2 protein chains.
Amino acid sequence: MVSIKQVAKQAGVSFKTVSRVVNNDPNVREETRARVQEAIAALNYRPNRAARMMRNQQSGVIGFISDEVVTQPYAGDLLIGAQEVASQHDKVLMVVNIENDRIGRQRAIDMLLERRVEALVYASYYHKEVQVPQEMLQVPSVLVNCYAENETLTTFIPDEVQAGYDATRLLLEQGHKRIGHITLNPDIVASVKRLEGYRKALAEAGISYDPQLIVQGESRFDEAGDSASVEKAVAELLKLTHQPTAFVCGKDEFAMQAYFEFSKRGLQVGRDIAVTSFDNQRMIAPGLSPGLTTMALPHFEMGQAAMNSIFNQGDDMVTRLIPFSVIERQSHLLKN
Amino acid sequence: MVSIKQVAKQAGVSFKTVSRVVNNDPNVREETRARVQEAIAALNYRPNRAARMMRNQQSGVIGFISDEVVTQPYAGDLLIGAQEVASQHDKVLMVVNIENDRIGRQRAIDMLLERRVEALVYASYYHKEVQVPQEMLQVPSVLVNCYAENETLTTFIPDEVQAGYDATRLLLEQGHKRIGHITLNPDIVASVKRLEGYRKALAEAGISYDPQLIVQGESRFDEAGDSASVEKAVAELLKLTHQPTAFVCGKDEFAMQAYFEFSKRGLQVGRDIAVTSFDNQRMIAPGLSPGLTTMALPHFEMGQAAMNSIFNQGDDMVTRLIPFSVIERQSHLLKN
DNA sequence: CTAGTATTTGACAACGTTGTCAATAGATGG
DNA sequence: CCATCTATTGACAACGTTGTCAAATACTAG
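Residues numbered from 1 in each chain as written. Chains lettered and ligands numbered in written order. Predicted model: local features only at pLDDT ≥ 70, side-chain atom pairs only at ≥ 80, totals over all residues. Heavy atoms only, no water.

**A short note on the interface of chain B and chain A**
No. 1: Counting residues at the interface gives 61 residues for chain B, matched by 61 residues for chain A.
No. 2: Area buried by chain B at its contact with chain A is led by Arg46, Arg116 and Met283 of chain B, which between them contribute 13% of it.
No. 3: Across the salt bridge formed by Arg46 of chain A and Asp110 of chain B, the nearest N and O atoms sit 2.7 Å from each other.
No. 4: Remark: the boundary between chain B and chain A carries 26 residue pairs in polar contact (both at pLDDT 80 or more).
No. 5: Every element with two or more residues in the side of chain B that touches chain A is listed here: helix 4 (49-56), helix 5 (76-88), strand 2 (92-97), helix 6 (105-114) and helix 10 (252-264) of chain B.
No. 6: Class assignment of the residues belonging to the side of chain B that touches chain A gives a composition of 29 nonpolar, 16 polar and 16 charged.
No. 7: Pairing analysis gives three bridges linking strand 2 (residues 92-97) of chain A to strand 2 of chain B, with the strands arranged antiparallel. When the sheet's bridge partners are listed, Met94 of chain A is paired in strand 2 of chain B with Met94 of chain B. (Contact = heavy atoms within 4.5 Å. Buried area = accessible area lost by both parts, 1.4 Å probe. Salt bridge = Lys/Arg side-chain N within 4 Å of Asp/Glu carboxyl O. Polar contact = N/O pair within 3.5 Å; in protein donor to acceptor, adjacent residues only side chain to side chain. Helix = DSSP H or I, 4+ residues; strand = E, 2+ residues; numbered from the N terminus. Nonpolar A, V, L, I, M, F, W, Y, C, P; charged D, E, K, R; others polar. Pairing = 2+ DSSP bridges.)

Encoded structure:
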């Protein structure tokens, strides 16, 4: 690799002069500058960031620890949002994935701290509580899409309550009074908080809460192919004497399966039943017919917000709720 | 930040001795070693990789340039696969995303080269041709999920032909003779290659190719919500005098929409019609009923393979086709 | 106890930069 | 033409490591 000294030799100047040219120091004679630039181009010289870093004690690197974040569809937007802001500040992201502890959190953090990351982002792939490794506190850090009890880290999480509220409110506005809710596994924060939002919207509309309308859509967490449960959930809800006319589905997959269940029974979303949901899976929601109205998780925005907070130092520790986007398609409307 | 010298002072030894302890040099008296380790722990010392790198001219960093890779569901597995292998070799990944040229390919590569990445991975989020920036050639580089004409870079791409062949073969094995194919946009490599595989399977089974059975499922690339086309495609295929009894769908979304179209017409997948597809969207395929048999893109494997090839230097440039996984659920079977 | 050897430790240079300060060259004014 | 000033350039140290080699210490045998 070519160094500043080789360039200096080639241009017939001292290496300090080359340094000046590289850093756009104005105190260089034009003629000299040209000669140096020529040499730089000829040798294809590139400054060595490691050496630079040694001098000014700044790595320009921000660590991004993800908890399998990229396997979850679109949770990768978190990374992209963060990356975008980082890059605006001329920082680069060093990404480590701690999936199944294969790499090991400890080693991941060591790696990043040895590389003198200027800050750390810890991102989870779904909204949950995490144990923050103590080492993270040595460096400005933020939590994204996860939170820690008793910790003092700035935290960015999606506003689940608001999302539950919005999903329900859209249906209430259409005049529905009986709204079924197929929930996620109750171990999940999202499930609990969204239900809270659902109840809040109901209360605000003066409709009393009926526990019969709440059915769990899956039994164990993230169990793929557990479609039987949504099937059962829909059956159970439609069996009620006072049937729901609208459904809030815990995620787009549930909605998709519900569409099928309705279809089997001769019911049609958009005509007989209104539906809202969560996630805005781009592979599902727009493809359903009618298009699924759904609350999109603010992954990108959380990534951006987290990175921004890193650059706006001095803020005290806060927990910031980032709002979902309400993606209105047609499934929440009934036309007749 | 605490340096080796401060540790040395604390332990009352020369900094060189600390260096030895840090690097597990056996030539240190046990008593001294213990004293140094104590000091290291007390001061929470961590070696500085930048300084280390200056000495041995190795950054330990591998650049990962992605072309929006993480926005595509599960394409992020590419990153994870790569990360896993890198980490086994004690390397860390520096990730730059070049989405919409917002950052700029040039700047991204400059950033990485200034940081003296030991190799570069260029990953695309869907299988396509790319223009490789010349600068990439300065460092060992591989292409993943994309390819470049006239270039001499080792390339890892999914074996689309084989996937098309497998998807078709599964149906042929069940005795189907008329197999409809709803294709992706023909601009896409995947579309063309999978059709090739489809034809190959047909030919091998002695069934003549009928262009009427091939219908395009979308008009423009990646146009979200373009569901009308799958609707039309299914209608068109079912209108044929000699109706297909099985469908190869270009992606799981198509399959999902086809399920709905069949359902509307009183046809049921698994009873009247067999279906195979591509992608194994974990949010769709297992949730359909019957479960969708689909060809899973080998994202993770491509990431691994790419990174492995970086560590197994000396290989000549090759293009390696990575096989899809055949995910057999029930949709390709008819029970009656 | 001494010489000789083996073990343990330390001094110093180097990696590629940038900051500090001194040296040189060119320009200005008398 | 000399003194002074300014613009331009260069020498050197330092950042935190590790490799090389020499110095110091401990150990062994006679």
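**Here we look at helix 4 of chain B**
No. 1: The backbone nitrogen of Ala50 of chain B has a side-chain oxygen 2.8 Å away, supplied by the residue at the start of helix 4 of chain B, namely Asn48 of chain B.
No. 2: Note on helix 4 of chain B: the residue one or two positions beyond its end, Gln57 of chain B, has a positive phi of about 55°.

**A short note on the packing of aromatic side chains**
No. 1: Evaluation of the coordinates by the stated rule reveals nine aromatic pairs over all chains.
No. 2: Between Tyr125 of chain A and Tyr126 of chain A, the aromatic rings sit 5.1 Å apart at their centres with planes inclined by 85°, giving edge-to-face as the arrangement.
No. 3: Classification of Tyr126 of chain A as partly exposed rests on a relative accessible area of 23%.
No. 4: Linked through ring pairs, Tyr259 and Phe260 of chain A together with Tyr259 and Phe260 of chain B together constitute an aromatic cluster.
No. 5: Positioned above the aromatic ring of Phe278 of chain B, the side-chain terminus of Arg194 of chain B is 4.3 Å from the ring centre.
No. 6: Note that Lys200 of chain B overlies the ring of Tyr165 of chain B, its terminal NZ or CZ placed 4.9 Å from the centroid. (Phe/Tyr/Trp six-rings, centres within 6.5 Å; stacked < 30°, edge-to-face > 60°. Buried < 20%, exposed > 50% of the residue type's maximum accessible area, 1.4 Å probe, protein only. Lys NZ or Arg CZ within 6 Å of the ring centre and 35° of its normal.)

**Focus: the UniProt feature "domain: HTH lacI-type" (unreviewed entry) in chain A**
No. 1: In this structure's numbering, the residues bearing the UniProt feature "domain: HTH lacI-type" (unreviewed entry) are residues 2-56 of chain A.
No. 2: With 69% helix and 0% strand, the stretch residues 2-56 of chain A has end C-alpha atoms that lie 21 Å from each other. (UniProt positions renumbered as here; feature names shortened; annotations may be inferred.)

**Considerations on the protein's contact with DNA strand D**
No. 1: In the neighbourhood of DNA strand D, 28 residues make up the surrounding shell, with Thr17, Arg20 and Thr32 of chain A together with Ser19 and Tyr45 of chain B lying closest.
No. 2: Among the atoms of DNA strand D lying within 4 Å of the protein, the sugar-phosphate backbone contributes 56%.
No. 3: At a separation of 3.4 Å, a base nitrogen of DNA strand D approaches a polar backbone atom of Ala51 of chain B.
No. 4: Of all elements in the fold, only helix 2 (15-22) and helix 4 (49-56) of chain A together with helix 1 (4-11), helix 2 (15-22) and helix 4 of chain B reach the threshold of two or more residues within the surface near DNA strand D.
No. 5: Class assignment of the residues belonging to the surface near DNA strand D gives a composition of ten nonpolar, nine polar and nine charged. (Near = heavy atom within 4 Å.)

**Observations regarding the domain arrangement of chain A**
No. 1: Along its sequence, chain A is organised into domain 1 (4-47), domain 2 (61-159 + 299-324) and domain 3 (160-297).
No. 2: The C-alpha centroid of domain 3 of chain A is placed 65 Å from the C-alpha centroid of domain 1 of chain A. (Domains from an automatic or database assignment.)

**Quick look at the sheet that holds strand 4 (residues 141-147) of chain B**
Strand pairing in a sheet is mediated by backbone hydrogen bonds. Such pairs are either parallel or antiparallel.
No. 1: Strand order in this open sheet of twelve strands is 11(A)-5(A)-4(A)-3(A)-1(A)-2(A)-2(B)-1(B)-3(B)-4(B)-5(B)-11(B), and the pairing throughout is mixed. Taken across any chain shown, the strands that pair with only one partner, and hence form the sheet edges, are strand 11 (319-322) of chain A together with strand 11 (319-322) of chain B. Between one strand axis and the next, the sheet turns through 25° on average, direction left out of account.
No. 2: Across six bridges, the pairing between strand 3 (residues 119-129) of chain A and strand 4 (residues 141-147) of chain A is parallel. Directly across from Val121 of chain A, in strand 4 of chain A, lies its bridge partner Val142 of chain A. (Axes fitted to C-alpha atoms, helices over the stretch in contact; angles between N-to-C directions.)

**Structural notes on the protein's contact with DNA strand C**
No. 1: Taken together, 28 residues lie around DNA strand C, and Ile4 and Ser19 of chain A together with Thr17, Arg20 and Thr32 of chain B are the ones closest in.
No. 2: A share of 56% is what sugar and phosphate atoms reach among the atoms of DNA strand C within 4 Å of the protein.
No. 3: Within the side chain of Arg55 of chain A, one N or O atom sits 2.9 Å away from a base oxygen of DNA strand C.
No. 4: Between DNA strand C and Arg55 of chain B, the relevant distance is 3.3 Å, taken from a base nitrogen to a side-chain nitrogen or oxygen of the residue.
No. 5: Only helix 1 (4-11), helix 2 and helix 4 of chain A together with helix 2 and helix 4 of chain B provide two or more residues apiece to the surface near DNA strand C.

**Here we look at the pattern of salt bridges**
All names here are of chain A.
No. 1: The full count for this structure, using the stated rule, is 33 salt bridges over all chains.
No. 2: For Glu31, the salt bridge goes to Arg29, with nearest N and O atoms at 3.8 Å.
No. 3: In this structure, the salt-bridge partner of Arg33 is Glu30, at a minimum N-O distance of 3.4 Å. A residue pair is termed a helical-turn pair when its members lie 3 or 4 positions apart in one helix, as Arg33 and Glu30 do in helix 3 (residues 30-43) at three residues.

**Some remarks on the environment of Ala75 of chain A**
No. 1: Secondary-structure assignment places Ala75 of chain A in the loop between strand 1 (61-67) and helix 5 (76-88).
No. 2: The class for Ala75 of chain A is buried, based on a relative accessible area of 0%.

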